[in-house]
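Residues per chain, in single letters:
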Amino acid sequence: MADPRVVIVGAGMSGLCMAVKLLDAGVRDLVLYEKAPSLGGTWRDNTYPGLTCDVPSRFYQYSFALNPGWTHRYSPGPEIRDYLERVADARGVRRHIVFGTEVTAAEHSGGRWRVTTTRGTDEADFLISATGVLHHPRHPDIPGLDTFAGPAFHSARWDHGARLEGRRVAVVGTGSTGVQITTALAGRASRLLLFQRTAQWVFPVGNHRYTDLTRRAHRRLPVLDRLFYRLHETLLSALLARALVAPGRRRDLIDRICRRHLETVADPELRRRLTPPDRPMCKRLIGSRGFYEAVQRDDVDVVTAPIDHVEPRGVVTADGVLHEIDVLVLATGFDAHAYLRPIRLTAPGGRTLEDAWRDGPRAYRTVALPGFPNFFMLMGPHSPIGNYSLIAIAEAQADYVCGWVRRYRAGLCRSVAPTQEATDRYNRALRDALPRTVWTSGCRSWYLGKDGLPELWPWTPRSHARMLAVPHLEEFTEVDALAPERG
Ligand code: NAP
């Protein structure tokens, strides 16, 4: 039985998940390269005030490490980060992580992946990307941004040295992040200006604290954790996930709830400005009960005039108004199409990832790429990342990858990749299903790729898990068999 060396790129939520599953499967020659000095990915990078997961805590956790101690129905960010740290320690992952080391390139030659990092080189039989989806902050191209006299920073690079109490704070962006920051800072800042380019729908969800009694009950009766995990999975799958991918009652219900919630904004003019141009769920649905209350405060303004430029004293809008501020927060999102990059990935025969993805990121069943042997992705293209637990998705993908590692160890495969034909067939089915999704209803969203088509999974997350539960061995080929095709 050959024991493969496995390299995982990234020690965030999905990298840890992959490592636990591989260790459980008996793989010992395992390394996770993490460019940062600590683990946690998005939950390490984001530390902004109000950071809360928008998926219920009972479901946003590993099914193999259920945590009875969650303090809230929706977990605060630092709690999730602590949880990931604990899982890494408890499951023996930490000693496999090499921190402060970025993978810059990987080339498959001589039957193995030659991996280049900022600290040297390595070799691997399997290369697994767990680099996350929303990772590279998107810095807006606003003229004069660097001339601002006060602290100015992206939401994912929060400047904790910047004083906020009693200061005039501007937040640019009204995605989930901008909404959470605005809700948290209203009343703390002397004046809060929310610069909104496009309004987004907000679904009313409150966040309550679990009582000590509840937490004790969950500690004593682990079956409760399992029960609530399944319950939340079922609710999210049955309501929200189906509403995204199929027209009908569920989608209409979510529409109605969002519209009613907007009605709680008393001033018709403010309500008009907060009315989005597209349907709920075109972008990831924002969950908040406090946001509309926050923007109706006297010390909070929603500015909808486009930003023209920034000058040392503040933000100047296209109507010529200078909005004087002390702190500038850019909640302007992430480059969602930078999957894996800037890593330079080269398949046997010299084909690069850039070649493969010239027309946009396309994968085999979200996890693999034709021509790239023993290379797998977590959260790869078209993963079901809309309003669902990404942890559950990572688990399904990690289990799938483990299947191939097991087959390798059993001597049943050596250097496998999906065929181009199977990949094309899968992508055709995917495209055929897209018109039923809400994202083709006239949305403007980073969910859409260069070709204007959604880059998301057009079926339910459960169907994604079901698909990955079957290995589809006949759709894979040993890479040597591919060589003549590449010529
Ligand atoms: P986002 O959803 O991409 O929102 C970015 C916002 O910035 C949008 O309102 C966008 O306006 C605006 N913007 C971008 N460039 C701008 C410019 N040059 N001038 C003015 N406005 C500009 O980013 P996000 O809020 O950081 O959220 C990213 C993802 O993470 C989302 O899927 C979100 O749901 C998710 N998230 C999840 C959680 C969680 O709890 N799991 C928490 C936070 C975020 P336009 O709409 O006009 O482009």
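Definitions and limits used
- Residues numbered from 1 in each chain as written.
- Predicted model: local features only at pLDDT ≥ 70, side-chain atom pairs only at ≥ 80, totals over all residues.
- Heavy atoms only, no water.
- UniProt positions renumbered as here; feature names shortened; annotations may be inferred.
- Pairing = 2+ DSSP bridges.
- Helix = DSSP H or I, 4+ residues; strand = E, 2+ residues; numbered from the N terminus.
- Contact = heavy atoms within 4.5 Å.
- Axes fitted to C-alpha atoms, helices over the stretch in contact; angles between N-to-C directions.
- Core = buried A, V, L, I, M, F, W, Y, C linked by side-chain atoms within 4.5 Å.
- Buried < 20%, exposed > 50% of the residue type's maximum accessible area, 1.4 Å probe, protein only.
- Domains from an automatic or database assignment.
- Buried area = accessible area lost by both parts, 1.4 Å probe.
- Parallel < 35°, antiparallel > 145°, perpendicular 65-115°, else oblique.
- Nonpolar A, V, L, I, M, F, W, Y, C, P; charged D, E, K, R; others polar.
- Near = heavy atom within 4 Å.
- Polar contact = N/O pair within 3.5 Å; in protein donor to acceptor, adjacent residues only side chain to side chain.
- Areas by Shrake-Rupley, 256 points an atom, 1.4 Å probe, with all protein chains shown as cover.

- Per an unreviewed UniProt entry, the recorded name for the protein chain is Cation diffusion facilitator CzcD-associated flavoprotein CzcO, and the organism is Actinomadura namibiensis.
- UniProt lists a comment for the protein chain under the heading Sequence similarities (unreviewed entry), and it reads "Belongs to the FAD-binding monooxygenase family."

**Some words on the sheet that holds strand E1 (residues 6-9)**
Phase 1 of the analysis: Read from one edge to the other, the open sheet built from five strands follows the order E3-E2-E1-E7-E19, with strand pairing classed as parallel. Single-partner strands in this sheet number two, and they are strand E3 (97-98) and strand E19 (375-377).
Phase 2 of the analysis: With three bridges connecting them, strand E7 (residues 126-129) and E19 associate as parallel partners. The residue bridging Ser129 from the neighbouring strand is Met377, located in E19.
Phase 3 of the analysis: In this fold helix H1 (residues 13-24) packs onto E1, strand E2 (30-33), E3 and E7, with an angle of close to 175 degrees to the strand it touches most, E2.

**Things to note about the nonpolar core**
Phase 1 of the analysis: In terms of nonpolar packing, the biggest core is built from 134 residues, with Ile8, Leu22 and Tyr62 touching the most fellow members.
Phase 2 of the analysis: By residue number, the principal contributor to this core is helix H11 (residues 390-409), which donates 13 residues.
Phase 3 of the analysis: Two domains share this core, each providing at least three of its residues, namely domain 1 (6-135 + 336-478) and domain 2 (152-208 + 216-330).
Phase 4 of the analysis: When sequence neighbours within four positions are dropped, the list of residues in contact with Ile8 reads Gly15, Met18, Ala19, Leu22, Leu30, Val31, Leu32, Tyr33, Ile128 and Ala130.
Phase 5 of the analysis: Ile142, Ala170, Val172 and Val310 belong to the second-largest nonpolar core, a separate cluster that totals 13 residues.

**With respect to the domain arrangement of the protein chain**
Phase 1 of the analysis: Here the protein chain is described as being made up of domain 1 (6-135 + 336-478) and domain 2 (152-208 + 216-330).
Phase 2 of the analysis: Taking only C-alpha atoms, the centre of domain 1 and the centre of domain 2 are 28 Å apart.
Phase 3 of the analysis: The interface of domain 1 with domain 2 comprises 47 residues on the first partner and 46 residues on the second.
Phase 4 of the analysis: Across the interface of domain 1 and domain 2, roughly 4100 Å² is buried in total on both sides, 56% from carbon and sulfur atoms.
Phase 5 of the analysis: Considering only the surface of domain 1 that becomes buried against domain 2, Tyr48, Arg58 and Asn387 emerge as the three largest contributors, covering 17% of it.

**Quick look at the packing of helix H5 (residues 212-220) against helix H6 (residues 222-245)**
Phase 1 of the analysis: Two numbers describe how H5 lies on H6: the axes approach to 4 Å, and their chain directions differ by 105 degrees. Of the possible angle classes, the one that applies to H5 and H6 is roughly perpendicular. Listed contacts from H6 to Ala217, His218, Arg219 and Arg220 of H5 are Pro222, Leu224, Asp225 and Phe228.
Phase 2 of the analysis: When the residues that make up the contact of H5 with H6 are grouped by side-chain class, the tally is four nonpolar, one polar and three charged.

**Description of the site of the ligand**
Phase 1 of the analysis: Among the 24 residues in the neighbourhood of the ligand, the closest are listed as Asp54, Thr177, Thr198, Lys283 and Arg284.
Phase 2 of the analysis: Note that an oxygen atom of the ligand is positioned 2.7 Å from one of the backbone N or O atoms of Asp54.
Phase 3 of the analysis: Contact distances for the ligand include 2.7 Å between an oxygen atom and a side-chain N or O atom of Thr177.
Phase 4 of the analysis: Burial of the ligand by the surrounding chains reaches 88%, relative to a free accessible area of 920 Å².
Phase 5 of the analysis: A per-element tally of the shell around the ligand places helix H4 (residues 176-185) first, with three residues.
Phase 6 of the analysis: Its residues assigned to classes, the shell around the ligand shows eight nonpolar, 10 polar and six charged.
Phase 7 of the analysis: Residue-level mapping places the shell around the ligand at the junction of two domains, with at least three residues from each of domain 1 (6-135 + 336-478) and domain 2 (152-208 + 216-330).

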